[in-house]
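Working through the structure, step by step
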Amino acid sequence: MATELTVNGKPVAAETHPETPLLYVLRDELGLNGAKYGCGLGQCGACTVMVDGEAVLSCVMPLMTVAGREVLTVEGLGTADDPGPMQRAFIAEQAAQCGYCIPGMMMRAQAVLSANPQADEAELREALQFNLCRCGTQIRILRAIRRARDEFARRAKAETGEGDAL
Amino acid sequence: MSDLSTLTRRGFLGAAGGGLLVGFAMSGHAWAQSEEAQTYDASAELPGSLPDDPRLDSWIRIDPEGGITVLTGKAELGQGIMTALIMVAAEELGVDPAGIAILTADTGETPNEGYTAASHSMEESGMAIRHAAAHVRLLLLEEAARQTGTSISELAIEGSAVRGPGGTVGFGPLAAALDLAVPARPDVPLRAPADRSIYGSDVPRVSIPWIVTGAEYYVQDLRPEGMAHARVVRPPSAGARLISVGASGVDSMPGVIGVHRDGNFLAVVAEQEFQAVSAMRALQDAAEWEESETLPEQSRIYDWLRGNVTETGTVAEQGTGELPSGERTLRATFNRPYMLHGSIGPSAAVAEMQGDRLVVHSHTQGVYPDRDAIAEMLGMPQDKVRVIHVPGAGCYGHNGADDAAADAALIARAFPGRPIRLSWMREQEHGWEPYGPAMTMDIAGAVGPDGRISHWNYDLWSCAHTTRPGGAAHLLPATLLADPVEFDLPDLKIIPPGLGDRNAVPLYTIPNKRILFHFVKQMPIRTSALRGLGAYGNVFALESFMDELAILAETDPVTFRLRHLDDPRAVAVVEKVAAEFNWTSDPLPANVGRGFAFARYKNMAAYLAMALELQVEPETGRVKVGRVHAAVDSGAAVSLDGIRNQTEGGIVQSLSWTLFEEVIFDRKATTSIDWSSYPILRFESVPDEIAVHVIDRPEERFLGTGEAAQGPTAAAIGNAIRDAVGIRMTDLPLTREKVMAALDARRAS
Amino acid sequence: MNTKHIIGGGIAAVIVVAGAAYALTWRSEMAAVARPAPETIDPSVVEKGARLAAVGNCIACHTVHGGEAFAGGLGVPTPFGTIYSTNITPDEATGIGNWSLEAFARALREGVDREGHHLYPAFPYDHYTLVSDDDTEALYAYLMTRQPVEAVAPDNDLVFPLGFRPMIAGWKMLFFEEGRYTAASDQSEEWNRGAYLAEGLAHCGACHTPRNVLGARITDEHWSGGSSEGWTAYPINQASPAPIPWDAEAIAFYLRRGWHPEHGVSRGPMAEVTGNLGRLPDEDIAALGVYTASVMGAPDAERQANADRLREAIATGRGSGQAADTMTQPDVAGADEDRGAAIFASACATCHESGRPQPYGGLDFRLSTAVHADNPQNIVNVTLFGLPPADGEASAVMPAYRGVLSDADMVALLNYMRARHTDLPAWDGLAEMVGATRSGEHHVAIRPADGIERAPGNLGAEEQSWRQN
């Protein structure tokens, strides 16, 4: 029996066994490379995606608990031909070395900024505590997220004439 | 015919997508070329990796449409080498980097450049490609001159074509008329620094757009047709023997294709990845091992090193090794523990056995050595084994990648005919990757009445700092087989760039010095190359000691260092960072300190000086780094941003090493097997600010930069703590407990 | 008697009562003194004060995560509103730099500040009143040698009319018994030392004893369990729900290290307590263990037998094979318990049935006090919010399941865990508790494990208002 969920805006009927962590479903059944296996223990954040707007560690999230819910991965933020603001910010700041942790960072950042569009440096650092970067790219990552934050704010202002909503 | 061998051989294109590259305007000026016949001076040396592979088309290829491909034996580890090498080629050829594709380390396609390590990539591959590209350019121009009936001085390169009064000819037709299977010439003219327009410009890295959009990029992303998934069950401790595998029910678990056992090597293959993980766990529970205590006591590891010396080598000697009496003398002991590479993504590989051919996709730093080792392990001829590099997570040296490739190869041989992706688990990476070796060192020095160091004695105890595959004897899986290969313990090797003794010789001018490496051949805990090798521990020790000598000489630490530096490039980085940081001796608030450090990596590669400010919290022993400045001289700076990125990254990583990291083990096995028990730096401890100032020296050759920051960062932290709260920390890592204990001890005395 | 007299008498009565009340509540201001110079203070006394401050856990309440030690400003949620801890650094303008030893002692043991204002009993002077003169002096020496910090705490945010401090005098009259510790002559020195510390500076009862509606401890139910910042503080008397009973050695081990192989890791506010106690001398930790064990009493025969059986079951080992087994169960959309079992197998067993020892392995739930307790608040907290990672310190790390599990899934999971690992009846009101905790209606303080000897930030359900400063 398939598990029905929405991934990056599209309905999906996942055939993988419902006890399989979402991470493997995203990668192996749906071919989405963004979320990564880093530890499988919920300690490193490389598998971070968004579910119903909240950042989640997909390596500890059984598929059965995602039924009927909305999953967002980096692939849903934009494409190589048309990258979204978060992706453009990371490219502009060259915020990557090996890059393995980056999609997790981006999804965490996306979640934080969705809930708190004016998150400051301290709030960003606190939110990103759950994501490890071993190459030492943290300063650039923060710069990229701040850049994305400012871009989101600009767009929100342009659209609504006011600040805020993502 | 599997798709595997055609996978990823599309090459990594320099064109990262519309509009993303900075618009690049070619000046189109003519190449100033001497009209004199170019004589081939066979006695001159080819630079970089060219001597091993002098044919031009080993490095540069041009297809009939004019598309340019650069080939390198080096691998992209996240250090941005692909982009840097494209830039080098583009600069010499005189073309837009966006038009160049690059093929990286592949035993079936690219030159053999050994390992992507030791920060040699620019020096080896960069110099080779630069030279080859310049030669290819010359040939293109000569051919164009011949075809259009003009002289080279009237020609200019525009786009992928040569234009002149006689017409324009594209690279494609030109290359088709050329034979690039010719050896490179050592005397080919290279583009003068004044004519450069790409080095130092901001060429965005080609891989970042792929990384942020989830493109298929990592070895973990490979999904060739028919691929199955595998997991290994590792022994519970070093030297454990697999007695039996009980009834695990594994064979009837969903998706399981089979189990492979060979001595102490145990693996399971399944259709889906999580099925393989679940099967691995069941197999693990059912396996019974005979274990023994093979590891030394961690709390006495430095005594153990000192007590097990095999051979002592002299690294450097000058004057006398006897410290004088009656002068100002000092002694200290420094310690550095075993440390992890700690790659964020555990090692993985994809392998397939098709008939008598094996193809392995791996993130190994050395596809050729790994290929040779795997072939040896399997008893196969080398030309039947192909290893292709695909990026993995950052490796920072010899991590589990080579072993994972060997694991995958063994499993592929047991399950031929379909690709198998093998991935290690986090616990396996933490437990089985080769560690950065423990080191302990004694320093004794003296300062003369003239305020200069007169004597310097350095004694280092450590195991081998590299056990990279140089044969199956360095592949972990090979040592687990029923007919095992015995792990080969390296002997002491003293070479100019150093290994465990890397940077043990200070660059400072000191009349009397004696530097000895007391080598321990025994290796109960497997160690190998970790970024910087011995430089991390040696620079921590010697730069900390320099500050203590400076205090003895009642001199400012920067002034003291300058007093002993004769190399003008060293002086330049020291002065540059001191100025940028605004290094003074003005008083700082309580518990705040500033620290300085300098080193020239290997005494041959990049120069780096740094200054930082930090705060110590006496109540908790916590160290919080504020602002950091570094000055780097990498010779001719190709990718400025690459240099900055690597330096920032090295500083942050070294900060984590220095404050937090040490492998924990009991008498049988490593117990720090995940991020909870081997914590590394998280966002809260990231410095407030890191500024990297690059000193560009266009006339000079490329210098390796990726490892230059590790040692100086550790020393700068130690020196800043000394400045902040007056305690000299000598025992890495500088944990909160140690800081508090040192503060308590000082208060008590 | 005419109206004028009645009114006059009434006014007089009011004045007398008010006067009496004023007289009762009024406390004198003590003169400000110059801050004692740190060099004049005996370092060995400071050292002693440091240890005592660790027992008292001063730093945890008087420091804000990321802020400077002892500078105050941490919002402590109470049923009556939020109280902000004060700056107890020796800053003369904004801290206690100009307090004499007498003023400090009065604050510590009588709950009155230098200017004569009554202090809210969120500052547990009802425990600190037991502290001896020597120890008070040592604490004073320690605080006076800290780094002075200029910082003013936010105003308290209390339900009207509790902002009116003289009312505290009334509370004190009803509930506060001032006085030093007196040794029990029929007990050992070690027991008395443990009692002195536990009932005094360590103020265990402040969390582990239930409180009445006016926020005072119900002394008849000493150590029968209480709460702190959204967590349940378990009974640590004979009603302890731990599956394997605590003994003096186990308690000492736990207090020293913050974990125990048979009980798990300390978390929430207790993580800060064990973090601080970790630096205490062995004698003090052992004393605390002895005293606490005596209050818990020896387990009865049945409880002991259960414990022995449990120990044996665990020793024969059960690794993660169970996780794999459930993969073969085809029907997971079935009964609630099946769903709970499936979620457990998939999301929890990797760590909690790995056989990996404490403190880094997930606790085997057969040993879990949280699963055996009557009040499931703690297991709800940990499942929702996890154990956040420390920065640079080895610590048990558990991911948060807040975003993973819906309320219904969490209830199914927890019910399954209760049924599978205990013989106790199912919890009541679990669904409401999960909902209220997730939404922040029931506020929980989540602390990362590092800096557990200081007060880290709240990463839980609700932003703390101090952030708006």
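A quick note: this is a predicted structure, and the numbers were derived from the prediction, not measured. (Residues numbered from 1 in each chain as written. Chains lettered and ligands numbered in written order. Predicted model: local features only at pLDDT ≥ 70, side-chain atom pairs only at ≥ 80, totals over all residues.)

What follows deals with the overall build of chain B. In terms of regular secondary structure, chain B is built from 15 helices and 25 strands. Taking 749 residues into account, the globule formula puts the C-alpha radius of gyration at 27 Å, and chain B, at 27 Å, falls close to it. Oriented by its inertia axes, the alpha-carbon framework of chain B measures out at about 85 × 75 × 45 Å. Expressed as a percentage of the 749 residues in chain B, the buried residues total 60%. For chain B, the share of sequence-separated contacts (at least 6 apart) that also reach a separation of at least 24 residues comes to 80%. (Helix = DSSP H or I, 4+ residues; strand = E, 2+ residues; numbered from the N terminus. Rg over C-alpha atoms; globule rule 2.2 N^0.38 Å. Buried ≥ 20, exposed ≤ 12 C-beta atoms within 10 Å, placed from the backbone. Contact = placed C-beta atoms within 7 Å.)

Helix and strand counts for chain A come out as 5 helices and 5 strands. Listed by position from the N terminus, the elements making up chain A come as β-β-α-β-β-β-α-α-α-α. Taking 2.2 N^0.38 as the reference for a compact globule, 166 residues should give roughly 15 Å; the C-alpha atoms of chain A span a radius of gyration of 16 Å, in line with that estimate. Counting only C-alpha atoms, chain A reaches 45 × 40 × 30 Å along its principal axes. Within chain A, residue pairs in contact and separated by at least 24 positions form 59% of the contacts whose partners lie at least 6 positions apart.

All right, on to the sheet that holds strand β19 (residues 439-447) of chain B then. Residue and element names in this part refer to chain B. Strands sit in the order β13-β21-β20-β19-β14 across an open sheet of 5 strands; the sheet is mixed. Taken across any chain shown, the strands that pair with only one partner, and hence form the sheet edges, are β13 (311-318) and β14 (328-336). In this sheet, neighbouring strand axes are inclined to one another by 10° on average, regardless of whether the strands run parallel or antiparallel. Note that β14 and β19 share 9 bridges and pair antiparallel. (Pairing = 2+ DSSP bridges. Axes fitted to C-alpha atoms, helices over the stretch in contact; angles between N-to-C directions.)

What follows concerns the sheet that holds strand β17 (residues 385-389) of chain B. Residues and elements named next belong to chain B. Pairing in this open sheet of 7 strands is mixed, and the strands run β10-β11-β8-β18-β15-β16-β17 from one edge to the other. The open sheet has two edge strands, β10 (256-262) and β17, and neither has a second partner. The sheet shows a mean angle of 20° between the axes of neighbouring strands, direction not considered. Of the strand pairs in this sheet, strand β8 (residues 228-233) and strand β18 (residues 420-423) are connected by 3 bridges, and their pairing is parallel. Bridged to H229 within β18 is R421. In the packing of helix α8 (residues 401-414) onto the sheet, the strands contacted are β8, β10, β11 (265-270), β15 (348-354), β16 (357-362), β17 and β18, and the crossing angle to β15 comes to about 30°.

To continue, consider helix α19 (residues 430-439) of chain C. Residues and elements named next belong to chain C. Within the sequence span of α19, burial applies to M433, V434 and T437. Along the axis of α19, the buried positions cluster into a sector of 100°, meaning they face one direction only. Along its buried surface, α19 packs onto α17 (377-385) and α18 (407-421). Following α19 by one or two positions, G440 has its phi on the positive side, about 95°. (Arc of directions from axis to C-beta.)

So, about the interface of chain A and chain C. Taken together, the contacts link 22 residues of chain A with 23 residues of chain C. By residue number, the principal contributor to the side of chain A that touches chain C is strand β4 (residues 54-57) of chain A, which donates 4 residues. Classifying every residue of the side of chain A that touches chain C gives 13 nonpolar, 6 polar and 3 charged. (Nonpolar A, V, L, I, M, F, W, Y, C, P; charged D, E, K, R; others polar.)

Residues and elements named next belong to chain B. Structurally, chain B comprises domain 1 (4-212), domain 2 (219-291 + 341-432) and domain 3 (439-465 + 500-748). Between domain 1 and domain 2, the residue contacts involve 18 residues of the former and 19 residues of the latter. Counted by class, the side of domain 1 that touches domain 2 contains 7 nonpolar, 9 polar and 2 charged residues. (Domains from an automatic or database assignment.)

At the junction of the two partners, chain A supplies 50 residues and chain B supplies 52 residues. Sorting the residues of the side of chain A that touches chain B by element identifies α1 (22-29), α2 (85-92), α3 (102-115) and α5 (138-160) of chain A as the ones contributing at least two each. Of the residues assigned to the side of chain A that touches chain B, the class counts are 24 nonpolar, 20 polar and 6 charged.

It is worth spelling out the domain arrangement of chain A at this point. All names here are of chain A. Domain assignment breaks chain A into domain 1 (3-75) and domain 2 (85-160). Here the C-alpha centre of domain 2 lies 20 Å away from the C-alpha centre of domain 1. With 15 residues of domain 1 at the contact, the number on the domain 2 side is 13 residues. Mapped onto the side of domain 1 that touches domain 2, the elements with two or more residues apiece are β3 (48-51) and β4.

Turning next to the nonpolar core. Formed by 421 residues in total, the largest nonpolar core has its most connected members in F90 of chain A together with A89, V268, A408, I420 and L608 of chain B. The dominant element in this core, judged by the number of residues it contributes, is helix α2 (residues 121-148) of chain B, at 13 residues. Non-local contacts of A408 of chain B, meaning those with residues more than four positions away in its chain, are made with A349, V350, A351, V360, I420 and L422 of chain B. (Core = buried A, V, L, I, M, F, W, Y, C linked by C-beta atoms within 7 Å.)

Turning our eyes to something else, we now look at the pairing of strand β20 (residues 453-462) of chain B. Residues and elements named next belong to chain B. For β20, the buried fraction is high: 8 of the 10 residues fall into the buried class. In terms of strand pairing, β19 meets β20 through 9 bridges, oriented antiparallel. Bridging across to β20, G445 finds its partner in W456. Between β19 and β20, which pair antiparallel one after the other, the connecting turn spans 5 residues, and G451 there sits at a positive phi close to 75°. As paired elements, β20 and strand β21 (residues 512-519) share 8 bridges and run parallel to each other.

A few words now on unusual backbone geometry. Keep in mind that most residues, glycine aside, have a negative phi and that most peptide bonds are trans. In this model, L732 of chain B is joined to P733 of chain B through a cis peptide bond whose omega is -10°. Along the chain, P733 of chain B falls in the loop between α14 (710-725) and α15 (736-748). With an omega of 0°, the peptide bond between F160 of chain C and P161 of chain C qualifies as cis. Located in the positive-phi region is N582 of chain B, a residue other than glycine, with phi close to 65°.

Axis angle and axis distance: for two packed helices, these are the angle between their axes and the distance between the axes, and together they describe the pair. Residue and element names in this part refer to chain B. Between helix α1 (residues 81-93) and α2, the shortest axis-to-axis distance is 8 Å and the interhelical angle comes to 30°. Accordingly, the angle class assigned to the pair α1 and α2 is roughly parallel. Crossing angle aside, the handedness with which α1 passes α2 is right-handed. Contacts between α1 and α2 involve I81, A84, L85, V88, A89, E92 and L93 from the first element and S121, M122, S125, G126, I129, R130, A133, A134, V136 and R137 from the second. Among the residues making up the contact of α1 with α2, the classes are represented as 11 nonpolar, 3 polar and 3 charged. (Parallel < 35°, antiparallel > 145°, perpendicular 65-115°, else oblique. Left-handed = near helix turned anticlockwise from the far one by under 90°.)

For the rest of this paragraph, the subject is helix α13 (residues 640-660) of chain B. Helix length check: α13 of chain B, at 21 residues, gives a terminal C-alpha distance of 30 Å against a target of 30 Å (1.5 Å per residue), a fit within 8%. Summarising burial for α13 of chain B: 20 of the 21 residues are buried, a large majority. (Expected span 1.5 Å × (residues − 1).)

What follows is about the environment of R261 of chain B. Residue and element names in this part refer to chain B. Here R261 shows up in strand β10. A C-alpha to C-alpha distance of 49 Å links R261 and A316, two positions 55 residues apart in sequence. The residues contacting R261, other than those within four sequence positions of it, are V245 and L266.

Next up on the list: the environment of M546 of chain B. Residues and elements named next belong to chain B. Relative to the helices and strands, M546 is located in helix α10 (residues 534-552). The class for M546 is buried, based on 26 C-beta atoms found within 10 Å. Placed 40 residues apart in sequence, M546 and P506 show a C-alpha to C-alpha distance of 9.7 Å. Discounting residues that sit within four places of it in the chain, M546 has contacts with F560 and R561.

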